[in-house]
Amino acid sequence: MSPGDRSAMEPLVRILVRAYPASFREASGEEMVALTLGRARRSPRGWRRARAWLGLLADLVVGAIAERAGRRMRLVSKGTRDARTARRRRRRAGRGFHGWDTTGRRVNRGEERVMGTWTHEIGSAVRRLRRAPGFALAAIAIVALGIGANTGVFTLVNAILLRPAPFFEAERVVRIYQDSDDGEPSSTSFPAYRDMKDFDVFVAVSAGTPAVVTWERAQEPTSAQVEFVTSGHLVVAGLEPALGRWFTEAEDEPGAGYFGVVSHRTWSDELGGDPAIVGSVVRLNGRPVTIVGVGPQGYAGSTGTLITDFWLSISSVELGGSFRVENLERRQDHWYDVIARLAPGVTVAQAQGAMDVLASRLAESYPELNEGRDITVFPASDVRVHPQVDASLAPAGLLLMGIAGTVLLLACSNLANLLLVRGIARGPEVAVRRALGASRGRVAALFLGEALLLALGGGVVGMVLARWAVDGFGSISGVLPIAGDLDLSMDVRVFLFAAMLVVACTVFFGLVPALRSMLTDPSRELGGDGRSAASARGTPALQGSLVTIQVAASVVLLVGASLLTRSLLNLQSVDPGFDPAGLAFLRTTTDVPGLGGETRLLEELRQAVAAAPGVEGAVLTSRPPLSFGGSTTTVVEGYEPPSGTGSVELDYAVVGEGYFELLGIPLRAGRAYGPDDGNAGASVVIVNEAAANRFWGGDAIGGRIRPQSAPGGWVEVVGVVADHAVEDLGRRAPPMLFYPAGRDGLRQGYVVARSAAAADDLLPILRRELRSVSATLPVSELGTMEGRVRQALRMPRLTALLLGGFALVALLLAGVGVYSVVSFGVARRTGELGIRLALGADGAGLVFEAVKGMLIFVTIGLGVGMGLAWVTAPLLRGLLVGLPPLDPASFAMAGFLLTGLACVAALIPARRAAGTNPSEALRGA
């Protein structure tokens, strides 16, 4: 706005202001003139300027009319107003307060006015945010981070813990578990499942066991998640196939053929929803499987959480390995999960009584296998994944939600502080609106509308971030104690949760400036010198309280990040118990069509690899370090387990001659395996130190063990080896048995080789020698042991990085909060500081005075945060290695870092103000 424009418009503005009542002109006339001219000065150039000026002048006219109308209404006596109001309410209650819109439809004018008000304020908020794009984008990014983190975590928690049981009339479905050797509910043997079918407390009983197979597709082979299930599965679930049929009872017997039902999700996503799928053939693990049906829509399997690609009949178990056929008759192999549907009128307690009878019967008939084992019945709704797994899932979900919620709390409190400062700066505008007749609610709508837009924008971006993070999560193998992939789709609960977060964010950071605007006195705001807003009662305390929240939440996250980071450093220095340098491995199986499980092939492969140039040696094993494997129910001579079952479940591996020497696992006592061990008639075993200490007090040589199912199958301990990492780094090694592979080798397992050079050089050698032995042998896994060690560090590193990232964001937000509050407070006191500097006040004293109030709030936040961290840190106990949860150094590090940042953030604006030239400060006051 040029000086000429200003001189031309100012007289017209003053004339229109004279239309206001005299009392209003005396109190607010000059402020209104200045406000109108200021808005005109910021108006755009060109033809839009004329339209903006006309709008400003029209606002003055409308405001004058409203002010004088309001003045006349105030002259009416209170009794008259009350009487008129009562009559008006009676008329509206009797016949409604309606009008007609342009189409002739009756509308409620009160609702119309409310909607019009909100529509106007939302549009006004959009325009204000467009004028401050930097602030809007930063605010949306802050909210998106908080909502995205919470929505992503809730998607995971929802998939595991919150989805209802996927059955029709789920209250009639139960899960049945035989006890493990430790006396805890575990899986069930297939013969025990057959026994359960004979009880009339159930309408139907089904057993199933999961597996991963290779799906041979035209594009390329892929892994598929399958479940071998019995014919009664969908009867128990109370569902029907979408296409085709389910399995028949004849297909519950091995040898009847290979039959499968494809899940509805896989059929629609991977097979294009082909209606001709029924009757077609797919190849799984080299076998032709006939598809007889498509599973129910929306049904992912009996767990309701894991993705199932195919259900396979029991007659198809051979494609998972010949050992699966064998365990159908082995009562000692507990591999199956059993679900059942209660008969009409039967309760869970009655079903439990029937299973108690079965447990007693099995203990009498098979005392070696079932004495001391209970059979437990759970309502399906009480089990999410498995009773033993659920105990760790719920605390983990609570921990994740707590971390994400802390980030959202930080984001909202920081944004609330920024919006409060922004609202204080808009104090004159709010006062003019109030003076022109705007109600308190209308003024509050200014801030709530702006907060709602920011929360909605952050919610939309946050949902995109959450979806991206969930998609990147991929397979959860090694992340959670669940084998398989989760169904991480976002259902109605996830969207409702995100909507709830948007509302909560709007209320949290929009209500603070809205309430302050409603409590502001227009006469003080317009009649003062502009500093009254900053010194309004409660404003500094409110800003300080928000900073306290940020500091406390930041301390909790910083302590957690410090603990996980130091634990990761400890984990990286942990001795795995073997030498991974130069080691490479290849996993394969002879259990494929045409080979018939011949064990000689793996031994031939080992010999070919060992003879290759650059290879120092090669051995066979069923389970190398840092891998999952089988366990065996074992009786230890002279040891009585606390469970009373007479046996214990022990991890085991089958190893070839020279295994311990090649991997660098020290021999502590006795001897290693020789060429004659493992042959017919040889009855020896090697154990690790953990087993020797637990069962024989450290002196295990000469001790005896046997399989639970073989009363005469005693084997003697001939050696003790050092403990090594079995499944995870940094965890105490469990008791473990090492059986000899012998001359015949293995049917499936690993060839482990060592090179004097880099282990990566062995990978092409392993693949080449495999093809030279047999072109049919598959490559199930190929890699280096150093890579496996890095893989073992992946999740601890990711966890530390994730929490560390959250802590860094928290630290920055807390620093921004302290800086903005101190900076704003100093800026509002510029004139006062200039006067004191001119009178000779000490700059250092002014700096201390400017920051001391804020440091009090920071100290309170530190105290509260330390207390919360002291309570929550033990939740991380299962993730820490070589470090107690209440580690003093981690607490001290977090406190020192946050205190230093807060002091720097507060001192920067304070020192800048203390160094201001007094004359410049006085001119800017």
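Here's what I pulled together on the structure shown here. From a predicted model like this one, the values you see are computed outputs, not experimental measurements.

**Let's talk about the overall build of the protein chain**
Thought 1: Within the protein chain, the regular secondary structure consists of 28 helices and 23 strands.
Thought 2: Out of the 925 residues belonging to the protein chain, those deemed buried represent 48%.
Thought 3: Intrachain contacts of the protein chain at a sequence separation of at least 6 include 77% that bridge at least 24 residues.
Thought 4: Of the roughly 42500 Å² that the protein chain leaves accessible, carbon and sulfur atoms contribute 59%.

**Brief notes about the nonpolar core**
Thought 1: By size, the foremost hydrophobic cluster in this structure holds 46 residues, and its most contacted members are Leu557, Val818, Val858 and Leu898.
Thought 2: Beyond its immediate chain neighbours, meaning those up to four positions away, Leu557 contacts Ile403, Thr406, Val407, Leu410, Leu803, Phe806, Ala807 and Ala810.

**Quick word on the pattern of salt bridges**
Thought 1: Within the structure shown, the criterion is met by 19 salt bridges.
Thought 2: A salt bridge links Glu637 to Arg704, with the shortest nitrogen-to-oxygen separation between them at 3.0 Å. Here the residue Glu637 occupies a position in the loop between strand S15 (631–636) and strand S16 (648–655), and Arg704 occupies one in strand S19 (residues 704–707), the gap between them amounting to 67 residues.
Thought 3: With a shortest N-O distance of 2.8 Å, Asp677 and Arg671 are connected by a salt bridge.
Thought 4: Classification of Asp677 by relative accessible area gives buried; the value is 10%.
Thought 5: In this structure, a network of salt bridges that share partners links the residues Arg623, Asp651 and Glu727.

**Regarding the packing of helix H19 (residues 600–610) against helix H22 (residues 762–773)**
Thought 1: As a packed pair, H19 and H22 sit with axes 9 Å apart at the nearest point and diverge in direction by 135 degrees. Classed by the angle they form, the pair H19 and H22 counts as oblique. As H19 packs across H22, the resulting crossing turns out to be right-handed. Mapping the contact onto sequence places Leu601, Glu604, Leu605, Ala608 and Val609 in H19 and Leu766, Glu769, Leu770 and Val773 in H22.
Thought 2: Here the contact of H19 with H22 is built from residues that sort into seven nonpolar, no polar and two charged.

**Brief notes about the environment of Thr621**
Thought 1: Positionally, Thr621 belongs in strand S14 (residues 615–621).
Thought 2: Exposure remark for Thr621: the relative accessible area of 0% places this residue in the buried category.
Thought 3: In sequence terms Thr621 and Leu746 are 125 residues apart; their C-alpha atoms lie 7.9 Å from each other.
Thought 4: Ignoring sequence-local partners within four residues, the contact set of Thr621 consists of Ala653, Val654, Val655, Tyr659, Leu746, Gly749, Tyr750 and Val752.
Thought 5: Only 3.2 Å separates the side chain of Thr621 from the backbone oxygen of Val654, close enough to count as a polar contact.

**Topic: the side chain of Asn688**
Thought 1: Tracing the chain through its elements places Asn688 in strand S18 (residues 684–688).
Thought 2: For Asn688, a relative accessible area of 2% puts it in the buried group.
Thought 3: In this structure the side chain of Asn688 is engaged in a polar contact, spanning 3.3 Å, whose partner is the side chain of Asp723.
Thought 4: For Asn688, the side chain forms a polar contact with the main-chain nitrogen of Met736, separated by 3.0 Å.
Thought 5: If near-sequence neighbours (up to four positions away) are discounted, Asn688 is found in contact with Val720, Val721, Asp723, Ala733, Pro734, Pro735, Met736 and Phe738.

**Section: the environment of Leu803**
Thought 1: Its location among the elements puts Leu803 in helix H24 (residues 794–828).
Thought 2: On the basis of relative accessible area, Leu803 is assigned to the buried category, the value being 5%.
Thought 3: As for Leu803 and Leu564, which are separated by 239 residues in sequence, their C-alpha atoms are 8.1 Å apart.

Conventions used here
Residues numbered from 1 in each chain as written. Predicted model: local features only at pLDDT ≥ 70, side-chain atom pairs only at ≥ 80, totals over all residues. Heavy atoms only, no water. Helix = DSSP H or I, 4+ residues; strand = E, 2+ residues; numbered from the N terminus. Buried < 20%, exposed > 50% of the residue type's maximum accessible area, 1.4 Å probe, protein only. Contact = heavy atoms within 4.5 Å. Areas by Shrake-Rupley, 256 points an atom, 1.4 Å probe, with all protein chains shown as cover. Core = buried A, V, L, I, M, F, W, Y, C linked by side-chain atoms within 4.5 Å. Salt bridge = Lys/Arg side-chain N within 4 Å of Asp/Glu carboxyl O. Axes fitted to C-alpha atoms, helices over the stretch in contact; angles between N-to-C directions. Parallel < 35°, antiparallel > 145°, perpendicular 65-115°, else oblique. Left-handed = near helix turned anticlockwise from the far one by under 90°. Nonpolar A, V, L, I, M, F, W, Y, C, P; charged D, E, K, R; others polar. Polar contact = N/O pair within 3.5 Å; in protein donor to acceptor, adjacent residues only side chain to side chain.

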